[in-house]
Amino acid sequence: MTALSDLSSIQIRALIKLDTPGGVEDSVGREIGELSDPMLAGVFGLIALGLATSEIGWRNTAWFRLTAKGRAVREMGEA
């Protein structure tokens, strides 16, 4: 189980940044070019914990978004 309190401050900021408006179905996450180097480090930490995912998307670039587990940690504090 992962709790919000287990995350670093940059990982918590990344949880917030990756949760784009529109709910689960419409969430596209963030394109790699939108994220600073420290934020990318936080995102990669979230990926390692299974809280975020990466995929190649629009414009053939990397995109990052929260997984269901990541949303649960962000919204309920643990998953």
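Everything that follows concerns the structure shown earlier in this document.
Residues numbered from 1 in each chain as written. Predicted model: local features only at pLDDT ≥ 70, side-chain atom pairs only at ≥ 80, totals over all residues. Heavy atoms only, no water.

A. Seen up close, the pattern of salt bridges. One pass over the structure, following the stated rule, counts five salt bridges. Measuring nitrogen to oxygen at the nearest pair gives 3.3 Å for the salt bridge that ties R65 to E55. Within this pair, whereas R65 is found in strand β3 (residues 62-66), its partner E55 is found in strand β2 (residues 52-56), the two being separated by 10 residues in sequence. You can call R65 partly exposed: its relative accessible area is 29%. Among the charged side chains, a network of salt bridges with common partners joins D19, R71 and R74. (Salt bridge = Lys/Arg side-chain N within 4 Å of Asp/Glu carboxyl O. Helix = DSSP H or I, 4+ residues; strand = E, 2+ residues; numbered from the N terminus. Buried < 20%, exposed > 50% of the residue type's maximum accessible area, 1.4 Å probe, protein only.)

B. View of the pairing of β3. Of all five residues in β3, four are buried, a share of seventy percent or more. In terms of strand pairing, strand β1 (residues 30-31) meets β3 through two bridges, oriented antiparallel. Pairing of R30 across the sheet is with F64, part of β3. With five bridges joining them, β2 and β3 adopt antiparallel strand pairing. (Pairing = 2+ DSSP bridges.)

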